[in-house]
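Observations on the model geometry
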Amino acid sequence: MKRVSLMVMSLIFLAVIHLSVFFAGFFSPYDYAAQDRELPYCPPTSIHWVNKEGRPLWHPFVYRWVERAGGQRYQEDQRTPYSIHALTRGAKYTVGGMVTWDRHLFGVDPPARVFLMGSDGYGRDLFSRLLFGGQISLFAGLVATLFTLTFGVILGILAGFYGGWPDAIIMRCVELFLALPWLYLLLALRGLLPLHTSPAQAFLLFIIVIGLVGWARPARLIRGVVLSAKERKHLLAARSFGASDLYLVRCHILPEIRGLLLTQAALLIPQYVLAEVTLSFLGLGVGEPVPSWGGILATLQQYHVLISKWWMFSPGLILIPVILSYGVLSNSLQENRSQVGRWIE
Amino acid sequence: MKVPISMWLLALLLAGSLSSAGFASAKGSTNPQGGGLVPDNQPSAYSGHLVVALRSEPKTLNPVIASDISSREVIGQMTADLIHINRYTQLSESALAKSWKVSSDERRYTLELRHGLRFSDGAPLDADDVVFSFRVYLDEKVNAPQRDSLLVGETPITVRKVDTNTVTFALARPYASAERLFDSVAILPRHLLERAYSEGKLLQAWTLNTPPDRIAGLGPFRFKEYVPGQRLILERNPYYWKQDRSGNRLPYSAEITFLFAGNEDAEVLRFEAGETDIMNRISAANYFVLQQERASRGLQLYDLGPDLEYNFLLFNLNSTLPAGAGEIRRKQQWFNDVRFRQAISSAIDREGMNRIVYHGRGAPIWTHVSPGNRLWFDSSARRPARSLSHSRDLLKAAGFSWRENDGTLIDHRGVPVEFSIITSSSSNERTEMATIIQQDLSELGIRLQVVPLEFHSLLDRVLETHDYEAAVMGLDGGDVDPNSQMNVWLSSGDDHLWNPAEAHPATGWEAEIDRLMRQQMSTSAPRDRKRLYDRVQEIEIEEVPVVFLVSPNLLVGAKDQLRNFKPAILDSHTLWNSEQLFIQDRTGAVR
Amino acid sequence: MIISSALWLYSLPICETYLGPRTPVGQIMRYVAIRFGQAILLLLGISFFAFAFVAVSPGDFFQEMRLNPQISQNTVSRFRTQYGMDQPFLIRYGRWLKSVGHGDLGYSLAYGSPVVPLLLVRARNTLFLTGTAMFLAWLSALSLGVCCAEWSEGWLDRVCLLATSILLVFPELLLGLCFLALAVRTGWFRTGGMVSPGFEDLSPWNQAKDLAAHLFVPALVLSLGSLPVLFRHVRTAMLEVLDSPSIRAARGHGISRHRILFRHALPVALNPIVSLFGLSLASLLSISLLTEVIMSWPGLGPLLLEAVLSRDVYVVIGATMLSALFLVMGSAAADLLLYASDSRIHPEG
């Protein structure tokens, strides 16, 4: 009972995250590309309820940030409060590529800015970029994991089940894929693509490539399990009764690798979401000005950002509960598989 | 035989504006001190060692094949040249050659070597070594990178020995500031390299694994030890020819250790932790961080003003394009219109770029000569401020208009104006500049894509295949003198990036620039040269061959216990006077 | 070298008459021989692909010189000819293969010296680092995984799950940078490199201490990076086994927990773990690339990255071949372990 409610909680949490990312345009006060060159690396705006005389006001409000002398230090200009309004008009955005609207959940009048999570190096609102970035990152993680696991499962089962020549060939291919300098391939790939691939297209291509290259590890693990599962007594018995290969795979092998698969999925999704940090290190991340979680984290490679701009860690902070939720889901699916199976039916 | 008087005037002018009592001579003097400023401080003992970080590993110790920055930095400490450009005053001064005479037709330079010079292994230097060195550099089969800089109008200079201490160089025709040609052309030891050269094995000589006694040079330090991946150590050259005012033989420090740091952030970490003594080329953001820590860590930071590096947005104006590049050809119709380029230049927020990319530690530029180049900067030229309305007027005049519903810019055929900018993915700064340009031009209704490419892919596209539309790149002059930029600004030059190696200049203004550059190369009067070079800069502002963006300031740092530290705009910024540097703590003890 | 190994392969029939194809020893030897042959083919294939990648990617080593206004196009073209870079791909590949036969893996364009000595020194440094890190990671993963599976849902389990989730979120890169920042601020750790300057003058004991001090942060970062994956797999595998009927029966029989864990459960759970171990072995040379770059550890990582970025062809191919060699050996070792651990599987093919 406790486990099921934990699973339900994580499902709800994931749904909330995915929904808010889907409706990123509405929930974010600014466009993800809008630069404010006066406010690079501005810390999060504090929301006040009590003005400086000590009197509470009806609306929460913010003060305008101005630069202090000495470069990139900011202080509040406490002379004028700017109220936070709901359902403000702002930059236009599209939802799901279809509906266009320009109302945002909240906002303030210019020249004040409400940077809930501070701003990045160009003065762009990090909160907005987080929401829009989730679209790319979460999607990328899922797509790449899907590719990897599909290929890995198919080839791993083939290798383990049939053994002999297929096993040898597939395993040598695994080693080939693991040994090749993918660094080079990825670097070269970007140089070969026509210049007019949009950044999102180029990134999708990379993610597919990573997913396709990554099948090697799961395939190896799965093949190992299948090899031993193949020799189990009940399988040999079923075979002697004339069961076809497909039946054996479906009913006897797949359940054996289910645990492995779920663990792999729970591990791969966050790894692929963050693969972009490494890609950005090599200069292959998603292109400007499109945001992504890995790209925001990648700015932390610069020393000055790492030690003083703590708000750039926020994608990591969002990812922790997301990963925990995926982990809980994967655990629950393994442990309650019979219960969940009945529940789904 | 006579020395131009204007040279003297220029020298006196600059000598007056410098704070130290350094001599600035264009002719060369017989002062045995031979250059550099007189050191302010002298140590009590000669036992100290300096620790410096390099951002990449040196690859070789052979001056003939070294092409990367780190190798040249290390080799620069181990070798010396005949006539040296003082990095601080930016003027040439005598080095191994104690004086030189110029013939009346300005085509022959007769150099007299100092007496009693020895290589770091004790072998004596004479004119045969000089002749051998130049023979090696000029040999086409050896293919040394130095060969191209020793060409005067396609013809290499020739060298002839007169007697054991005198050599004569002959130029094909008069060449302005010809003595700058000799800077960083290291004199090689004949006794160690002649055999390898005659056997054709010169290019394999002097690798990092060579035993130290097989390498010799005339620089302040000599090779001691190399540990792969970790460090390279140089020790004091006991036969170094420079002395300080009291007659003590330089260098003051006993050793220099070069550590390998990988990238700038790693270098900052080690500098902050006190593991290195000097840091070169700090980025603006890290400079800010170090400033906070300065007092507690005992560091001194220096902002030397704008560097010689210039960054620009360049358009593909090539006449030869790869097959199937119809799209690019179509867009070249826009790029070739000077009003389009002027409009773009007028729309870019250089101040904002300076603030974002360099944290305000930079200077917007409108020509390739940055304000840091004090000798050649044209301060009187008019530099236009940012104006979007001016851009719109220019675009209207060029036949562009705006679509009603979304404000997209369209040309006279109704095609929306969109193009891509490629940048080097390893340069954060240039990618940031491209992003800022992207945002600025979106206000004009132009949609841009920023495509970071790996550096070699970028070079391939710009220099070889010409398969690109626009690019943001940066170049470093290397030297302040205009002659160092010939290959970039001559239309036939290989580095004439937007249209390399043209057979004929494609436009009238390019022909004019060619004429001016060639003329200044053979003019000797500095005032005339400056006038010609000013005109080149004015043409750059009018015709906008490339859109110049910003120049960064040069930011360096050192421990405050480092004495005689005088960083300069010219490379090597921090170690050009390494023979005078030493570490001394408050008690006066030398480390 | 290759000829001698081929001879050894062909001598196998002779061995067969003595050892026989059906005896266990003969079977294993046969298997090893076949794997060896496959490995040679694989290495050939890898070298071909690596060469092909280089040919496909735009630009070459000498292009960077073009950007220097002091060097002309002619000089650059002559460089290309001098080093044979203007030859077609197959000719260059053929020449390289021929030199491999002599034990020479080519010539570094940047360093102007042979590739093999360049690689060996750094490979040694890398193995030192990754060996330590892998050892630490496996030790912790095995012990924590077994304990958490045994006392699942306990406080240790929850803490470990939370910690590994957090570790998963932070890529090695960021972890390394955080440690470096900590090192600078507090001075507790070294900020990079393998040894301090003046290493040679220290006594052996001090040398060991210095090395350990420099090794600490990179090894910690690497092992923390691999730990979550290993831990999760060990825990899952143990959980599945502990849930199986045979183990429940054993518990019912009253066999002690200790015995169940180590004599009954762990051997069965080993299957995916052994494959993982093989993968760990195989990646000994390649896993630490980025960590070495940030921590300035003088291993293969910085060399390879710089070579890739500057198109120093033979260094890249040499380093790739070295990693591939490790991969093949690790993979073969993993398979052997797999067959040894689970007697039901027999080597086929």
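In this text the structure is predicted, and so the values were computed from the model without any measurement.

**Section: the overall build of chain A**
Scanning chain A for helices and strands turns up 13 helices and five strands. When burial is assessed residue by residue, chain A has 48% of its 345 residues classed as buried.

**Regarding the overall build of chain B**
When you go through chain B residue by residue, the secondary structure sums to 16 helices and 25 strands. For chain B, the C-alpha radius of gyration of 25 Å lies close to 25 Å, the compact-globule estimate for 591 residues. Judged by the C-alpha coordinates and their principal axes, chain B covers about 80 × 60 × 50 Å. Here the analysis covers contacts within chain B between residues at least 6 apart in sequence; of these, 68% occur between residues at least 24 apart.

**What about the interface of chain C and chain A?**
The interface of chain C with chain A comprises 48 residues on the first partner and 46 residues on the second. Elements supplying a minimum of two residues to the side of chain C that touches chain A: α3 (24-56), α8 (155-169), α9 (172-186), α10 (204-242), α12 (257-282) and α15 (313-341) of chain C. Of the residues belonging to the side of chain C that touches chain A, the class tally is 31 nonpolar, 12 polar and five charged.

**A short note on the pairing of strand β9 (residues 166-170) of chain B**
Residue and element names in this part refer to chain B. Only one face of β9 is buried, namely the one carrying Val167 and Phe169, since none of Thr166, Thr168 and Ala170 on the opposite face is buried. Relative to β9, strand β8 (residues 158-163) runs antiparallel, the two being bridged by five bridges. What sits directly across from lysine 161, in β9, is valine 167. Where β8 hands over to β9, the hairpin turn is made up of two residues, counted between the paired strands.

**Considerations on α9 of chain C**
All names here are of chain C. With 15 residues, α9 extends 21 Å between its outermost C-alpha atoms, agreeing within 8% with the 21 Å of an ideal straight helix rising 1.5 Å per residue. Here α9 has its buried residues at Glu172, Leu173, Leu174, Gly176, Leu177, Phe179, Leu180 and Val184. Positioned one or two residues after α9, glycine 187 has a phi angle of 75°, which is positive.

**Here we look at the packing of helix α9 (residues 338-347) of chain B against helix α11 (residues 388-397) of chain B**
Residues and elements named next belong to chain B. Running from N to C, α9 and α11 cross one another at 165°; their axes reach a closest spacing of 8 Å. Judged by the angle between their axes, α9 and α11 are roughly antiparallel. Pair α9 / α11 crosses with left-handed handedness. Of α11, the residues touching α9 (which contributes Arg339, Gln342, Ala343, Ser346 and Ala347) are Leu388, His390, Ser391, Leu394, Leu395 and Ala397. Here the contact of α9 with α11 is composed, by residue class, of six nonpolar, four polar and one charged.

**So, the sheet that holds β8 of chain B**
All names here are of chain B. Strand order in the open sheet formed by four strands is β4-β5-β9-β8, with antiparallel pairing between adjacent strands. In this open sheet, the two strands that pair with only one neighbour each are β4 (97-102) and β8. Sheet twist, expressed as the average angle between the axes of neighbouring strands with direction ignored, equals 25°. Along the sheet, helix α3 (residues 127-138) makes contact with β5 (108-113), β8 and β9, crossing β8 at roughly 170°.

**Brief notes about the pairing of strand β12 (residues 255-260) of chain B**
Residue and element names in this part refer to chain B. With five of six residues buried, β12 lies mostly within the body of the structure. In the sheet, strand β1 (residues 49-54) pairs with β12 via six bridges, with the strands oriented parallel. Bridging across to β12, valine 51 finds its partner in threonine 257. Pairing geometry for strand β11 (residues 231-236) and β12, over five bridges, is antiparallel. Directly across from glutamate 235, in β12, lies its bridge partner glutamate 255.

**Side note on the sheet that holds strand β21 (residues 470-476) of chain B**
Within a sheet, neighbouring strands are paired by backbone hydrogen bonds and run either parallel or antiparallel to one another. All names here are of chain B. Strand order across the open sheet formed by five strands is β20-β19-β21-β15-β22, with mixed pairing between neighbours. Each end of this open sheet is capped by a strand with a single partner; those strands are β20 (447-453) and β22 (547-548). Examined bridge by bridge, strand β15 (residues 309-315) and β22 share two bridges and lie antiparallel to one another. Its bridge partner being in β22, leucine 313 is matched across the sheet by valine 547.

**Comments concerning helix α7 (residues 216-230) of chain A**
The terminal C-alpha atoms of α7 of chain A, which comprises 15 residues, lie 21 Å apart, in line with the 21 Å expected from a rise of 1.5 Å per residue. α7 of chain A sits mainly inside the fold: 14 of its 15 residues count as buried.

**Describing the environment of alanine 254 of chain B**
Counting through the fold element by element, alanine 254 of chain B comes out in the loop between β11 and β12. For the pair alanine 254 of chain B and leucine 234 of chain B, spaced 20 residues apart in sequence, the C-alpha separation works out to 8.6 Å.

**Structural notes on the nonpolar core**
The biggest cluster of nonpolar side chains holds 348 residues, and the ones touching the most others in it are Ile421 and Ala471 of chain B together with Met238 and Val316 of chain C. There are two domains that each give this core at least three residues, and those are domain 1 (45-114) and domain 2 (131-344) of chain A. For alanine 471 of chain B, the residues in contact, after removing those within four places along its chain, are Leu314, Ile421, Ile422, Thr423, Leu458 and Val462 of chain B.

**Digging into the environment of leucine 142 of chain C**
Residue and element names in this part refer to chain C. Note that leucine 142 resides in helix α7 (residues 115-150). Residue classification places leucine 142 among the partly exposed positions, given that 17 C-beta atoms sit within 10 Å. With 166 residues separating them in the primary sequence, leucine 142 and valine 308 have C-alpha atoms 36 Å apart.

**A closer look at the environment of phenylalanine 128 of chain C**
Residue placement: phenylalanine 128 of chain C occurs in helix α7. Spatially, the C-alpha atom of phenylalanine 128 of chain C lies 9.0 Å from that of leucine 215 of chain C, the residues being 87 residues apart in sequence.

**Structural notes on unusual backbone geometry**
Residue and element names in this part refer to chain B. Going from leucine 250 to proline 251, the amide bond is cis rather than trans, its omega being 0°. Although it is not a glycine, arginine 281 adopts a positive phi angle of roughly 50°. Mapped onto the elements, arginine 281 comes out in the loop between β13 (278-279) and α7 (284-297).

**Digging into the packing of helix α10 (residues 350-358) of chain B against helix α12 (residues 428-442) of chain B**
A pair of packed helices can be characterised by two numbers: the angle between their axes and the separation between those axes. All names here are of chain B. The N-to-C vectors of α10 and α12 enclose an angle of 145°; their axes lie 10 Å apart at closest approach. Between α10 and α12 lies a crossing whose hand is right-handed. Here Gly352, Met353, Ile356 and Val357 of α10 lie close against α12, whose contacting residues are Glu429, Glu432, Met433 and Ile436. Class assignment of the residues belonging to the contact of α10 with α12 gives a composition of five nonpolar, one polar and two charged.

**Some points on the confidence of the model for chain B**
A low pLDDT means the predicted coordinates there should not be read in detail. All names here are of chain B. Mean pLDDT for chain B: 85, with 92% of residues reaching 70 or above. Between the elements of chain B, mean pLDDT differs from a low of 40, seen in helix α1 (residues 5-17), to a high of 94, seen in β22. Overall, residues 1-37 carries pLDDT values under 50, and its contacts beyond four positions in sequence, including any with other chains, amount to 59 contacts. Among the prediction metrics, the complex's ipTM stands at 0.76, with pTM recorded as 0.82.

**Looking at the confidence of the model for chain A**
Residues of chain A with pLDDT of at least 70 account for 90%, and the chain-wide mean is 79. When the criterion is pLDDT under 50, residues 340-345 of chain A qualifies, and its contacts beyond four places in sequence or with other chains add up to one contact.

Definitions and limits used
Residues numbered from 1 in each chain as written. Chains lettered and ligands numbered in written order. Predicted model: local features only at pLDDT ≥ 70, side-chain atom pairs only at ≥ 80, totals over all residues. Helix = DSSP H or I, 4+ residues; strand = E, 2+ residues; numbered from the N terminus. Buried ≥ 20, exposed ≤ 12 C-beta atoms within 10 Å, placed from the backbone. Rg over C-alpha atoms; globule rule 2.2 N^0.38 Å. Contact = placed C-beta atoms within 7 Å. Nonpolar A, V, L, I, M, F, W, Y, C, P; charged D, E, K, R; others polar. Pairing = 2+ DSSP bridges. Expected span 1.5 Å × (residues − 1). Axes fitted to C-alpha atoms, helices over the stretch in contact; angles between N-to-C directions. Parallel < 35°, antiparallel > 145°, perpendicular 65-115°, else oblique. Left-handed = near helix turned anticlockwise from the far one by under 90°. Core = buried A, V, L, I, M, F, W, Y, C linked by C-beta atoms within 7 Å. Domains from an automatic or database assignment. pLDDT = per-residue confidence, 0-100.

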